[in-house]
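Survey of secondary and tertiary structure
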Amino acid sequence: MREKALALLKEYNQNEALVRHGLQVEAIMRHYAAQAGEDVEYWGCVGLLHDVDYEKFPEQHCKKAVEILKENDYDDAFIHAVVSHGFGLVCDVEPELYMEKVLFTIDELSGLINAAAIMRPSKSVMDLEVKSVKKKFKDKRFAAGVDRQVILDGCQRLGVELDQVIETCIVGMRANHEEIGL
């Protein structure tokens, strides 16, 4: 399942940074799935493919994904999960399931964590601390493209404090730090 998802991501995204972002979100989703006793492979593939349409169809993000995923035999539940991460930004598909709420929350946050990690001398998540990410979160000029309100809304949907979500994301990224380039 993962090999198919990774091939599809790379078919539609040649930009290395976008592929790496997919891998980072996948790593975090897999970690959350393991914590929740859920299907790690399935959650990982949802994370991997969440931006499948972004590079080629940025103006149709989360809309073109439906077509691409249907053409590749992904079911409606999978497609809903993928598309729901764009709720309120590019679509009106609301995250309902726990998995969808996690994806909604961590998508933007993974970008902030990536940016914080590459600013470190180690350029790694292996020595990145929650307090460092929190400090960067508060600085609106740092990784200015990261929508902090989406992250906070996601934390509220999950009923979890921001610090805990940051920590879980860092731990998830550490588990696959070599493949994600951090």
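Up top is the structure.
Residues numbered from 1 in each chain as written. Predicted model: local features only at pLDDT ≥ 70, side-chain atom pairs only at ≥ 80, totals over all residues. Heavy atoms only, no water.

1. Remarks on the packing of helix α6 (residues 98-118) against helix α9 (residues 162-174)
Two elements in contact, α6 and α9, have axes separated by 10 Å at closest approach and are oriented at 70°. Accordingly, the angle class assigned to the pair α6 and α9 is roughly perpendicular. The two elements α6 and α9 cross, and the hand of that crossing is right-handed. The residues of α9 that touch α6, namely those facing Thr105, Ile106, Leu109, Ser110, Ile113 and Asn114, are Val165, Ile166, Cys169, Ile170 and Met173. Taken together, the residues of the contact of α6 with α9 break down into eight nonpolar, three polar and no charged. (Axes fitted to C-alpha atoms, helices over the stretch in contact; angles between N-to-C directions. Helix = DSSP H or I, 4+ residues; strand = E, 2+ residues; numbered from the N terminus. Parallel < 35°, antiparallel > 145°, perpendicular 65-115°, else oblique. Left-handed = near helix turned anticlockwise from the far one by under 90°. Contact = heavy atoms within 4.5 Å. Nonpolar A, V, L, I, M, F, W, Y, C, P; charged D, E, K, R; others polar.)

2. Some words on unusual backbone geometry
Note on backbone geometry: most residues besides glycine have negative phi, and most peptide bonds are trans. At Cys62, a residue that is not glycine, the phi angle is positive and equals roughly 75°. The backbone of Lys123 shows a phi angle near 55°, a positive value even though the residue is not glycine. With respect to the secondary-structure elements, Lys123 resides in the loop between α6 and α7 (130-138).

3. Quick word on the pattern of salt bridges
As enumerated under the stated definition, the model contains 12 salt bridges in all. A salt bridge links Glu179 to Arg2, with the nearest nitrogen and oxygen atoms 3.0 Å apart. With a gap of 177 residues between them, Glu179 in the segment after α9 and Arg2 in helix α1 (residues 2-12) connect regions that are remote in the sequence. Under the relative-accessibility criterion, Glu179 is labelled partly exposed at 38%. Here Asp76 ties to Lys70 by a salt bridge, and the two come within 3.5 Å at their closest N and O atoms. Beyond isolated ion pairs, a larger network of salt bridges with shared partners links Arg2, Glu26, Arg30, Glu41 and Glu179. (Salt bridge = Lys/Arg side-chain N within 4 Å of Asp/Glu carboxyl O. Buried < 20%, exposed > 50% of the residue type's maximum accessible area, 1.4 Å probe, protein only.)

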